Amino acid sequence: MKNSELLFYTSPASAWTQALPIGNGTLGAMIYGGVKDETLALNHDELWTGRPKDTSRKGAPKAFEKARKLALKGKFHEAQEIIEKDFESVWSQAYLPLGNLKINFRVRGKIKDYRRSLDLSTAVSAVEFKAGDTVYKREYFASYPEKAICAVFRSSKASDFSFRVDSVLRSDSFIDGDTLFLEGECHGENAVNNNCPNKHYFDEPEMRGIRFLAGFRLITDGDVRREGNIMRVCGATESKIIFTCETSFNGFSKHPYLDGKEYAPAVRKRLAEFVYDDGVRSRAVEDYRGIYSRVSLDLKGKGSSLPTDKRLIEFKKAKNNNGLIELVWNYGRYLAISASRPGSQPMNLQGIWSDRYDAPWNANYTVNINTEMNYWPVLNTNMAELNEPLVRMISELAETGREAAKKQYGAQGWVSHHNVDLWRLATPVSGSATWAFWHGSSGWLCRHLFDQYEYTLDRKFLKETAYPLMKGAAEFYLDIMSEENGEMFLCPGTSPENDFTYEGRDCAVGKYSTMSMSIARELFTNCIKASKILRTDKEFAAKLKETLDKFPSYKTGSEGQLLEFDGDYPETEIHHRHVSHLYALHPANIITPDGTPELADACRKTLERRGDNGTGWSLGWKINFHARLNDGNRALKLIEMQLRPVRSTGVRYGRGGGTYENLFDAHPPFQIDGNFAYVSGITEMLLQSRDGKIYLLPALPDAWKSGSVKGLKAKGNVTVDIEWKNGKIVSYSADNADGYEIIKCR
């Protein structure tokens, strides 16, 4: 069997990163597949610490101006000290796990033929085995139409089981009729006195956090007993547990306790009216496949009868199984559909799946690359509707970002920094300016808005949503520009999350950074394009053009590399995981091999100096870089590195990245962004589009001799199919491509 759409294992998960994920955008579950003791680790995307509050720093505009003047004089250490001491704000809030559904099955006899699986073609996870002469079959799936997760247990003979629910959050579980409930509350604060992590509950109403109710309705042909907060089922051959949950979260600007939405009645009503018929599963599958089946990839990979964890080990040794490469590409698309749907929150550092009370980096929205990376493959793999949660977050962030621009900088427009949370934190967090002082996320997020227009050609979206947000972000950058010797730039500048050596010490703050200027350059250019398309704001567009003409040009260093800052400063860590100064190469299209060949060569030299190794998401970004440089063989090498098996025990922050047994990306620890960078990178190897041109197979590696891809999207709302043999294109189709130049690269 090829197994390019199936994960399967011959033993239960013993660690969270061996369990299998399901989700409907809002609800998530990790399924361990235990024979006697089963666990479903549960999440709801609105369970966060905190509440709306003013996070601005008193006196920040004066501190910023003082730091800018120091940086312009080359006093970078002094500027950094001012920023860290007098400008920065508070920590972000944290994403929290809902709890665990614990199911105990009374299973007798020797276990045979065990198998747990996740079918990517249907989004259904299953556990099957025999115990003695009894056959057990269990299915788990998340339904977007039903707003629920369903667990279905079947056995060839009558069997017994019990279930309960627990949570690390302040909560109580109780039974009402045929339903087990979990009612609880999130912490009112993640970082009391700005000490992170330092979560705390409060009794004062104005300090209390998000409340929630989760319900688990039992439908069974067996006998039911209730013992405290445990449901017991005896003599059943078929049972279902229907899980749903609602919270008091009522929007980023409304207090979840004082002005929270009614949540309990919706849960009770949904479960009471739920009818489990044959259509429940089919509706969930049909809804999922309506997105998933739009595209397909065939790299002519050989089949494998090995379980997925063993396939990873086999791949490490041989690196010749294109079938596994296809599987992980399909898996990334599955994760996106499962974690980001219209109406849900955007995907955070872990998508929606998190089991830890103190998740790494609060499992927040780290917007100096990671959140954006989550959405890289959404448009080009024909899943535009999954962008809706991100677009909504950007719209909300613009509101808090206007306050941040005004109170932190004394500037117009809107801005956001390194971390965002459910309450749309827009001010800079505390800590080293290396990560905390960086105002590039507002501009970077706006590229997703203009990308959506370019891929869909939705003029209404551009006019009513994208352009107003883009203009506001551009207004901020215009307002804080510094001018020196006829050049205009954003001063002071940092490059996430890197330092350089200056006057014998590590330093994060320069006169400007290449990344920040690239983001501003792209944003201004896109605003000018939008102004022309919409026939509006000619004066504003002219001002942007005038400013762009004064931007400093890209600079190369002593070894021919693209410089990261305004000068050729020694790098503190030459192999740093971030390669932020190549933003102009990817995700932007400012630097291209055909348009700016000398700068493209400087990017190649930069990547050589940085080295191939890195965290999981860093490896994923480098796949995209090499795809943009038309180097498919180097991109494939990075793919092979990203598929290195990583053990599911311990958190090794300092080790190289790879892939866990359940195919989650390993930073390590788990961060989902690497899964999406992988999908994006492979897609970029096969199809690129920019400036009215569509490039077919721009970075096809030698090892992918023959294959096909169907349903990809190019800019201009063009759907593309490609087939190739012996490294040459034999056929292609590109519907709706009038006015676009098709370039066959093979």
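Cut-off values and rules
- Residues numbered from 1 in each chain as written.
- Predicted model: local features only at pLDDT ≥ 70, side-chain atom pairs only at ≥ 80, totals over all residues.
- Heavy atoms only, no water.
- 1 Å grid on protein atoms, 1.4 Å probe; cavity = no way out; pocket = protein on both sides within 12 Å on 5 of 7 lines; lining within 4 Å.
- Points joined across faces, edges and corners; volume = space filled by probe spheres on them.
- Helix = DSSP H or I, 4+ residues; strand = E, 2+ residues; numbered from the N terminus.
- Nonpolar A, V, L, I, M, F, W, Y, C, P; charged D, E, K, R; others polar.
- Expected span 1.5 Å × (residues − 1).
- Bend = angle between axes of the 7 residues up to and from the residue.
- Phe/Tyr/Trp six-rings, centres within 6.5 Å; stacked < 30°, edge-to-face > 60°.
- Buried < 20%, exposed > 50% of the residue type's maximum accessible area, 1.4 Å probe, protein only.
- Lys NZ or Arg CZ within 6 Å of the ring centre and 35° of its normal.
- Axes fitted to C-alpha atoms, helices over the stretch in contact; angles between N-to-C directions.
- Parallel < 35°, antiparallel > 145°, perpendicular 65-115°, else oblique.
- Left-handed = near helix turned anticlockwise from the far one by under 90°.
- Contact = heavy atoms within 4.5 Å.
- Salt bridge = Lys/Arg side-chain N within 4 Å of Asp/Glu carboxyl O.
- Patch = residues over 30% accessible without salt bridge, like charges linked within 9 Å, V, L, I, M, F, W, Y side chains within 5 Å.
- Areas by Shrake-Rupley, 256 points an atom, 1.4 Å probe, with all protein chains shown as cover.
- Lys, Arg positive; Asp, Glu negative; His and termini not counted.
- Charge placed at Lys NZ, Arg CZ, Asp CG, Glu CD.
- Pairing = 2+ DSSP bridges.
- Core = buried A, V, L, I, M, F, W, Y, C linked by side-chain atoms within 4.5 Å.

(A) Broad picture of empty space enclosed by the protein. Enumeration according to the criterion identifies six cavities of 30 Å³ or more in this entry. For the largest cavity, the calculated volume is near 270 Å³. Along its surface, the largest cavity is lined by 21 residues, and Asn380, Asp451, Tyr455, Arg628 and Glu684 are the ones closest to its centre. Listed by contribution, the elements that provide at least two residues to the lining of the largest cavity are helix H8 (376-380), helix H11 (441-456), helix H18 (673-686) and strand S24 (687-690). The residue makeup of the lining of the largest cavity, split by class, is six nonpolar, eight polar and seven charged.

(B) Representation of helix H9 (residues 388-409) within the structure. Here H9 contains 22 residues, and its C-alpha end-to-end distance of 30 Å stays within 8% of the 32 Å for a straight helix at 1.5 Å per residue. When the local axis directions of H9 are compared, the greatest deviation, roughly 30 degrees, occurs at Thr400.

(C) How the structure looks around the packing of aromatic side chains. Counted by the stated rule, this structure contains 41 aromatic pairs. Between Phe500 and Tyr569, the aromatic rings sit 4.5 Å apart at their centres with planes inclined by 20 degrees, giving stacked as the arrangement. Of this pair, Phe500 sits in strand S20 (residues 500-502) while Tyr569 sits in the loop between helix H14 (538-548) and helix H15 (597-610), placing them 69 residues apart in sequence. Judged on exposure class, the residue Phe500 and its partner Tyr569 are both buried. Here the aromatic residues Trp16, Tyr288, Tyr292, Tyr331, Tyr334, Trp353, Phe664 and Phe670 are joined through ring pairs into a cluster of three or more. Looking at Arg115, its charged tip hangs above the ring of Phe8, at a distance of 4.3 Å from the centre. A cation over a ring is seen here: Arg116 above Tyr9, with NZ or CZ 4.4 Å from the ring centre.

(D) Representation of the packing of helix H5 (residues 308-318) against helix H6 (residues 322-339). At a minimum axis separation of 10 Å, H5 and H6 run at an interaxial angle of 125 degrees. Taken together, H5 and H6 sit at an angle that is classed as oblique. In the packing of H5 onto H6, the handedness of the crossing is left-handed. When H5 is examined against H6, the residues Thr308, Arg311, Leu312 and Phe315 are found in contact with a partner set consisting of Gly323, Leu324, Ile325 and Leu327. When the residues that make up the contact of H5 with H6 are grouped by side-chain class, the tally is five nonpolar, two polar and one charged.

(E) Just the pattern of salt bridges, in detail. Tallied over the entire structure, the rule returns 48 salt bridges. Note that Lys407 is salt-bridged to Glu403, the shortest N-O span being 3.4 Å. Of this pair, Lys407 and Glu403 both sit in helix H9, separated by four residues, roughly a single helical turn. Via salt bridges that share partners, Arg447, Asp451, Glu454, Glu522 and Lys715 belong to a single interconnected network.

(F) Structural detail: a positive patch on the surface. There is a patch of like positive charges on the surface, built from Arg459, Lys463, Arg535 and Lys538. Along the polypeptide, Lys538 turns up in helix H14. Since its relative accessible area comes to 69%, Lys538 is described here as exposed.

(G) Geometry of the sheet that holds strand S29 (residues 741-744). Overall, mixed pairing links the three strands, which are arranged S24-S25-S29 in an open sheet. Every other strand in the sheet has two partners, leaving S24 and S29 as the edge strands with one partner each. Strand-to-strand twist across the sheet, computed as the mean angle between neighbouring axes with direction ignored, equals 20 degrees. Two strands pair when backbone bridges link them, and S24 and strand S25 (residues 693-696) are joined in this way by four bridges, in the antiparallel orientation. Each residue of the ladder has a partner; that of Gln688, found in S25, is Tyr695. The strands that H18 touches are S24 and S25; relative to S24, the one it contacts most, it runs at about 80 degrees.

(H) Representation of the packing of helix H1 (residues 60-72) against helix H2 (residues 76-87) in the model. Between H1 and H2, whose axes approach to 8 Å, the crossing angle comes to 170 degrees. If you check the angle between H1 and H2, you find them roughly antiparallel. Counted together, Ala60, Ala63, Phe64, Lys66, Ala67, Leu70 and Ala71 of H1 and Phe76, Glu78, Ala79, Ile82, Ile83, Asp86 and Phe87 of H2 form the full contact between these two elements. Looking at the contact of H1 with H2 residue by residue, the class counts come to 11 nonpolar, no polar and three charged.

(I) Region of the structure containing the nonpolar core. Ranked by size, the top nonpolar core spans 221 residues in total, and within it Phe163, Phe216, Ile325, Phe524, Ile639, Ile682 and Trp704 carry the most contacts. When residues of this core are assigned to their parent elements, the largest contribution, 12 residues, is made by helix H12 (residues 459-480). With sequence-adjacent residues up to four places away left out, Phe524 is seen in contact with Ala474, Tyr477, Leu478, Met481, Leu544, Thr547, Leu548 and Phe551. Counting 16 residues, the second largest nonpolar core, distinct from the first, contains Ala148, Cys150, Leu213 and Tyr263.

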